[in-house]
Amino acid sequence: MIHGNSPLAPCPDWPRVRRSVERNYEVPKILIAEDDSTIAGLMEDILVEYGYEVSGIASTVAEAVALARRHKPDLAVIDLRLADNGLGTEIAAQLGEIEHLGILYITGASQVILTATDGHARLAKPFRDTELVRSLEIVAELLASGLTSPPFPHGFQLLPGAPAPSPLGCSG
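Fair warning: this is a prediction, and the values are worked out from it, not measured in the lab. (Residues numbered from 1 in each chain as written. Predicted model: local features only at pLDDT ≥ 70, side-chain atom pairs only at ≥ 80, totals over all residues. Heavy atoms only, no water.)

Draft legend 1. Molecular detail of helix α3 (residues 61-71). Buried residues of α3: Val61, Ala64, Val65, Leu67 and Ala68, and no others. The arc that holds the buried residues of α3, viewed along the axis, is 165 degrees, so those residues lie on one side. For α3, the exposed residues set more than 90 degrees away from the buried face come down to Ala62 and Arg70. Taken together, the buried residues of α3 touch β1 (29-33), β2 (53-58) and α4 (88-94). Positioned one or two residues after α3, Lys72 has a phi angle of 50 degrees, which is positive. (Buried < 20%, exposed > 50% of the residue type's maximum accessible area, 1.4 Å probe, protein only. Helix = DSSP H or I, 4+ residues; strand = E, 2+ residues; numbered from the N terminus. Arc of directions from axis to C-beta. Contact = heavy atoms within 4.5 Å.)

The following block contains the structure:
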């Protein structure tokens, strides 16, 4: 379950996150692949509140792949276990042709081994709204420059083989 309901609770990262989506560039489009409709709806509300555009919500691998091919999202938030016994990693494997798609896995299944061939990062459930947004910001930084910098949210992990954090980043 996601912690923190609307209105969004104050967080030290909030100004940084808000600034990142208020710059003069196209609003990042996000695909959500989550079989729990309550969690998917909460994530959509959080992302819209922070200035992102949600291009679609899918509960199965087939739905996610179809939505991604139609809408060409910039980032995808993917649960590892989906409806119809689907695995989130199947989405990433089928969407390899979409260039510059940032993938953040959200999961309570910490025993599943993921690498950079599967995506960019993982965020453990449960998570706070600001942890979700900061995690997506990190994935976007990786796509844009190949680098990222702390602070990293609680429960966040770069996938093995992903670019290392920049030593020039802020501390926290």
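Further notes follow.
Draft legend 2. Region of the structure containing the pairing of β1. Counting buried residues along β1, five of its five residues qualify, which places the element largely inside the surrounding structure. Alternating residues of β1 divide into Lys29, Leu31 and Ala33 and Ile30 and Ile32, and every residue in both groups is buried. Pairing geometry for β1 and β2, over five bridges, is parallel. Bridge assignment links Ala33 to a residue of β2, and that residue is Ala58. Pairing analysis gives four bridges linking β1 to strand β3 (residues 75-79), with the strands arranged parallel. Each residue of the ladder has a partner; that of Ala33, found in β3, is Ile78. (Pairing = 2+ DSSP bridges.)

Draft legend 3. A look at the confidence of the model for the protein. For the protein, per-residue confidence averages 82 on the pLDDT scale, and 77% of positions sit at 70 or higher. Across the protein, the secondary-structure element scoring lowest on mean pLDDT is helix α1 (residues 14-22), at 45, and the one scoring highest is β1, at 97. For the stretch residues 1-24, pLDDT sits under 50, and the model shows 41 contacts to residues farther than four places along the chain or on other chains. When the criterion is pLDDT under 50, residues 168-172 qualifies, and its contacts beyond four places in sequence or with other chains add up to six contacts. (pLDDT = per-residue confidence, 0-100.)

Draft legend 4. Summary view of the nonpolar core. In terms of nonpolar packing, the biggest core is built from 25 residues, with Ile30, Met43, Leu47, Tyr52, Leu104, Leu132 and Leu136 touching the most fellow members. Within the residue set of this core, elements represented by two or more residues are β1, α2 (37-49), β3, β4 (102-107), β5 (121-124), α5 (129-145) and β6 (156-158). Per element, the largest residue contribution to this core is six residues, and it comes from α5. (Core = buried A, V, L, I, M, F, W, Y, C linked by side-chain atoms within 4.5 Å.)

Draft legend 5. Main features of α2. In this model α2 runs 18 Å from its N-terminal to its C-terminal C-alpha over 13 residues, within 8% of the 18 Å that 1.5 Å per residue would give. If you check which residues of α2 are buried, you get Ile39, Ala40, Met43, Ile46 and Leu47. Looking down the long axis of α2, one finds its buried residues gathered within 125 degrees of arc, a one-sided arrangement. Along its buried surface, α2 packs onto β1, β2, β3, β4 and α5. Two to three positions downstream of the cap, the backbone nitrogen of Thr38 sits 2.9 Å from a side-chain oxygen, assigning the N-cap of α2 to Asp36. Among the residues trailing α2, Gly51 stands out with phi positive, at a value near 95 degrees. (Expected span 1.5 Å × (residues − 1). Polar contact = N/O pair within 3.5 Å; in protein donor to acceptor, adjacent residues only side chain to side chain.)

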